[in-house]
Amino acid sequence: FTYDHDVVLNAVFVENNFNVYLDAAGGYLQSNVVSAKYNEFVSLPTPDKVGYEFEGWKYNNEIVSMDYYYLHKENINLVASWQNKTYTVYLDFNGGTYDNQTILQNGFTYAYYDKTTNLKDPTKEGFIFDGWYFEDNSKFDPTVAYTYDSDVNLIAKWTDKYLISFDTGIEGYETVGSFTGAQLE
């Protein structure tokens, strides 16, 4: 362009808006996009995921602040970081004994949706261990992955053990066996 008079040019700046794309990594978010402006704070939402604690949003494998100061000149992706929730399972041996003193005193840690197949049976003189039961009297199955949302108490249940011997009247032909109370009824 050629002008035969003076021209005043005014620069007009428009703020660039960027998007922060959120990957909840298996969690739930109402919206997975947050608008951002360069050199301003962005408040990031907190996602939910059953059985997990939200640790924060990661950018390039590092946790960023929930009030994120946006210094990028392009759209970015953030990924949710999660930690399994853990609970304590306390054992009531109901008069029985157990060989692991740590579990006796402190219970054991259980991660959400894990199985507890390594739980050993306690012993009690004169009784047969019938299993672990929840406080509501339902039987605990160590092969099931339970979804606790708080600490849990398990109670040992016992069945009486009876020693019965049958005298056949013939020398050397006595029979001895153990039976539970339920088997004798």
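Criteria and cut-off values
Residues numbered from 1 in each chain as written. Predicted model: local features only at pLDDT ≥ 70, side-chain atom pairs only at ≥ 80, totals over all residues. Heavy atoms only, no water. Buried < 20%, exposed > 50% of the residue type's maximum accessible area, 1.4 Å probe, protein only. Helix = DSSP H or I, 4+ residues; strand = E, 2+ residues; numbered from the N terminus. Pairing = 2+ DSSP bridges. Axes fitted to C-alpha atoms, helices over the stretch in contact; angles between N-to-C directions. Phe/Tyr/Trp six-rings, centres within 6.5 Å; stacked < 30°, edge-to-face > 60°. Lys NZ or Arg CZ within 6 Å of the ring centre and 35° of its normal. Contact = heavy atoms within 4.5 Å.

A. The arrangement of unusual backbone geometry in detail. Positioned with a positive phi, Asn-60 is a non-glycine residue whose angle comes to about 50°. Its relative accessible area of 63% is what places Asn-60 among the exposed residues. If you check the backbone angles, Asn-137 has positive phi at about 75° while not being a glycine. As for its placement among the helices and strands, Asn-137 is situated in the loop between β10 (127-134) and β11 (152-166).

B. Summary view of the sheet that holds strand β5 (residues 62-64). Taken in spatial order, the five strands make up an open sheet running β2-β1-β7-β4-β5, and their pairing is mixed. The open sheet has two free edges, formed respectively by β2 (33-37) and β5, since each of these has just one partner strand. Each strand axis lies, on average, 45° off the axis of its neighbour in the sheet, ignoring direction. Here three bridges tie strand β4 (residues 52-59) to β5, and the two strands are oriented antiparallel to one another.

C. Representation of the packing of aromatic side chains in the model. A full pass over the atoms with the stated rule returns six aromatic pairs. Note on Phe-129 and Trp-132: the rings are 5.4 Å apart at their centroids and 65° apart in plane angle, and the pair reads as edge-to-face. Its guanidinium or amino end placed over the ring of Tyr-52, Lys-49 lies 4.4 Å from that ring's centre, counting from NZ or CZ. One Lys or Arg, Lys-73, reaches over the ring of Tyr-38 and ends 5.6 Å from the middle of that ring.

D. Broad picture of the side chain of His-72. Along the chain, His-72 turns up in the loop between β6 (67-70) and β7 (76-84). Judged by its relative accessible area of 15%, His-72 is buried. When neighbours within four sequence positions are excluded, His-72 is seen to be in contact with Phe-18, Tyr-38 and Tyr-59.

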